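Descriptive structure summary
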Amino acid sequence: MERVVLVTGASGGVGLALCQRLLEEDGRIHLCIACRNAQKSEDTRDLILATHPAAQVSTVEVDLGNLASVLRVAQELRCRFQRLDLVYLNAGIMPNPHVNFKALWHGLLTGKVLHMLTTAEGIMTQTDRLNGDGLQEVFATNLFGHFILVRQLESLLCGNEKPSRLIWTSSSNARKSAFSLSDYQHAKGQESYSSSKYATDLTSVVLNRKFNEQGLYSSVVCPGLVMSNMTYRILPVFLWKLLMPIMWLIRFFAKTYTLTPYNGAEAHVWLFKQKPECLDALVKYHSCTSGLGKNYVEPRKMDVDEETAEKFYEKLLELEKQTLEKYSDLID
């Protein structure tokens, strides 16, 4: 039977490029694309089929920042499929990003500017808000919605003849300094994106501990700096046009400046071809592009504390119990 691959956030950026690249690798897969609304799902499907007319592509509609939507799509997927082989947990948001130019100038004077430009440490903040479920929007969309989806799909992911895979899109902006167990939704800070991506790394580590024996493996990837709709919201369009030649030059020194969605999907596609049993659960796989445009994957140890990961996982389970009580009618 063909492998069934689910991709969230498939309508653009790395998600769309990933879908197209996966079909180039194996045209026999059944690709299920998950987008925020039905129109986007159908438009994305048409776009993929235009270049891969023989592909098996189905769609589902899900808003990862809305728990009712997540529970409905999980129910739909359980009815539609007997198993899932790979789930790319790729959807994410970065609302109201702001660049701290004062910090950037300081980095330039202190020689830390390259590090800041490749990790966004100290120079990028966001303004978060509560969603309809009373959760911080970035945390809910980037992590918790995906966590609930995985929990609801355990019957499709565990105990299959061959191992199943979770592949999370993380970031080089995932920093321990932005995350706190006492404020894991990042309600009190201004780096909600960084916090949510570090929380993603922690979650992946624990999922391997809990589920490897049941045939489910989890990995995290960093697509690098990709020019997408999310990135373009950080600065005005005219500034990006001025900066693009400089960014191409920076790539000779900063290999994670992948810049295009196609390049950014390199690590996702590389993992598609690997045996999960041979991968290190404490490694993040980075998409890299050389100054001359060659794509490759670089594994890097994650800066995660496994005890903190376990404690965070317990908090996720507690939050799951609290938030799902009002949605009992959507749970089998």
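Residues numbered from 1 in each chain as written. Predicted model: local features only at pLDDT ≥ 70, side-chain atom pairs only at ≥ 80, totals over all residues. Heavy atoms only, no water.

The name given to the chain in an unreviewed UniProt entry is 3-keto-steroid reductase/17-beta-hydroxysteroid dehydrogenase 7, with the source organism recorded as Bucco capensis. For the chain, the Subunit (unreviewed entry) comment in UniProt is given as "Binds to the short form of prolactin receptor." We quote the UniProt Subcellular location (unreviewed entry) comment for the chain here in full: "Endoplasmic reticulum membrane". (UniProt positions renumbered as here; feature names shortened; annotations may be inferred.)

1. Focus on the nonpolar core
In globular proteins that are soluble, nonpolar side chains generally tend to be buried together. Within the largest apolar cluster, 56 residues are counted, with the highest numbers of intra-cluster contacts made by Leu6, Leu77, Leu84, Phe144, Leu153, Leu166 and Phe312. The element best represented in this core is helix α6 (residues 137-152), accounting for eight residues. Those residues in contact with Phe312 that sit more than four places away from it in its chain are Phe139, Leu143, Phe179, Leu181, Tyr184, Ala199, Leu202 and Thr203. In terms of nonpolar packing, the next biggest core, distinct from the first, is built from 31 residues, Val7, Leu18, Val57 and Val269 among them. (Core = buried A, V, L, I, M, F, W, Y, C linked by side-chain atoms within 4.5 Å. Buried < 20%, exposed > 50% of the residue type's maximum accessible area, 1.4 Å probe, protein only. Helix = DSSP H or I, 4+ residues; strand = E, 2+ residues; numbered from the N terminus. Contact = heavy atoms within 4.5 Å.)

2. A word on the sheet that holds strand β8 (residues 216-222)
Reading across the sheet, the eight strands line up as β3-β2-β1-β4-β7-β8-β9-β10 and stay open at both edges, with mixed pairing between neighbours. The open sheet has two free edges, formed respectively by β3 (56-61) and β10 (295-301), since each of these has just one partner strand. The sheet shows a mean angle of 20 degrees between the axes of neighbouring strands, taken without regard to direction. Pairing between strand β1 (residues 4-8) and strand β4 (residues 86-89): three bridges, direction parallel. What sits directly across from Leu6, in β4, is Val87. Of the strands in this sheet, β1, β2 (30-35), β3 and β4 touch helix α1 (residues 13-25), which is tilted by about 165 degrees from β1. (Pairing = 2+ DSSP bridges. Axes fitted to C-alpha atoms, helices over the stretch in contact; angles between N-to-C directions.)

3. Re the pattern of salt bridges
This structure, assessed with the given rule, holds 20 salt bridges. Between Arg151 and Glu320 there is a salt bridge, and its shortest N-O distance comes to 3.0 Å. Of this pair, Arg151 sits in helix α6 while Glu320 is found in helix α13 (residues 306-324), placing the two residues 169 residues apart along the sequence. Its relative accessible area of 9% is what places Glu320 among the buried residues. One salt bridge in this structure joins Asp303 and Lys176, with 3.4 Å as the shortest N-O distance. On the criterion of sequence distance, the pair formed by Asp303 in the loop between β10 and α13 and Lys176 in the loop between β7 (164-169) and α8 (192-211) is long-range, its members being 127 residues apart. Judged by its relative accessible area of 51%, Asp303 falls in the exposed class. One continuous salt-bridge network, built from bridges that share partners, spans Arg209, Lys210, Glu306 and Glu310. (Salt bridge = Lys/Arg side-chain N within 4 Å of Asp/Glu carboxyl O.)

4. Describing the layout of surface pockets
The volume enclosed by the second largest pocket comes to roughly 460 Å³. Surrounding the second largest pocket, 16 residues form its lining, Arg3, Asp85, Glu161, Lys162 and Pro163 being those nearest its centre. Among the residues forming the lining of the second largest pocket, the class breakdown is five nonpolar, two polar and nine charged. (1 Å grid on protein atoms, 1.4 Å probe; cavity = no way out; pocket = protein on both sides within 12 Å on 5 of 7 lines; lining within 4 Å. Points joined across faces, edges and corners; volume = space filled by probe spheres on them. Nonpolar A, V, L, I, M, F, W, Y, C, P; charged D, E, K, R; others polar.)

5. Looking at the packing of aromatic side chains
In this structure the tally under the stated criterion is eight aromatic pairs. Summarising the aromatic geometry, the rings of Phe139 and Phe144 are spaced 5.6 Å apart at their centres and angled 15 degrees between planes, so their arrangement reads as stacked. Its relative accessible area of 2% is what places Phe139 among the buried residues. Ring pairing ties together the aromatic residues Phe139, Phe144, Phe147, Phe179, Tyr184, Tyr198, Phe312 and Tyr313, which thus form one cluster. (Phe/Tyr/Trp six-rings, centres within 6.5 Å; stacked < 30°, edge-to-face > 60°.)

6. A few points about the packing of helix α3 (residues 67-80) against α6
At a minimum axis separation of 9 Å, α3 and α6 run at an interaxial angle of 30 degrees. When the axis of α3 is compared with that of α6, the two are roughly parallel. Note that α3 runs across α6; the crossing there is right-handed. On α6, the residues touching Leu67, Val70, Leu71, Val73, Ala74 and Arg78 of α3 are Phe144, Gly145, Ile148, Leu149 and Gln152. (Parallel < 35°, antiparallel > 145°, perpendicular 65-115°, else oblique. Left-handed = near helix turned anticlockwise from the far one by under 90°.)

7. Things to note about the packing of α6 against α13
To describe two helices that pack against each other, one gives the angle between their axes and the distance between the axes. Remark: α6 packs on α13, axes separated minimally by 11 Å, with the N-to-C direction vectors making an angle of 80 degrees. For the element pair α6 / α13, the angle class is roughly perpendicular. Across the interface between the two elements, Phe139, Leu143, Phe144, Phe147, Ile148, Arg151 and Gln152 from α6 touch Phe312, Tyr313, Leu316, Leu317, Leu319, Glu320, Thr323 and Leu324 from α13. For the contact of α6 with α13, a count of residues per class yields eleven nonpolar, two polar and two charged.

8. Here's the deal with unusual backbone geometry
With a phi close to 60 degrees, His186 is a non-glycine residue in the positive phi region. Topologically, His186 is positioned in the loop between β7 and α8. Look at His186 and you get buried, because its relative accessible area is 9%. Despite not being glycine, Leu259 shows a phi value in the positive range, around 70 degrees.

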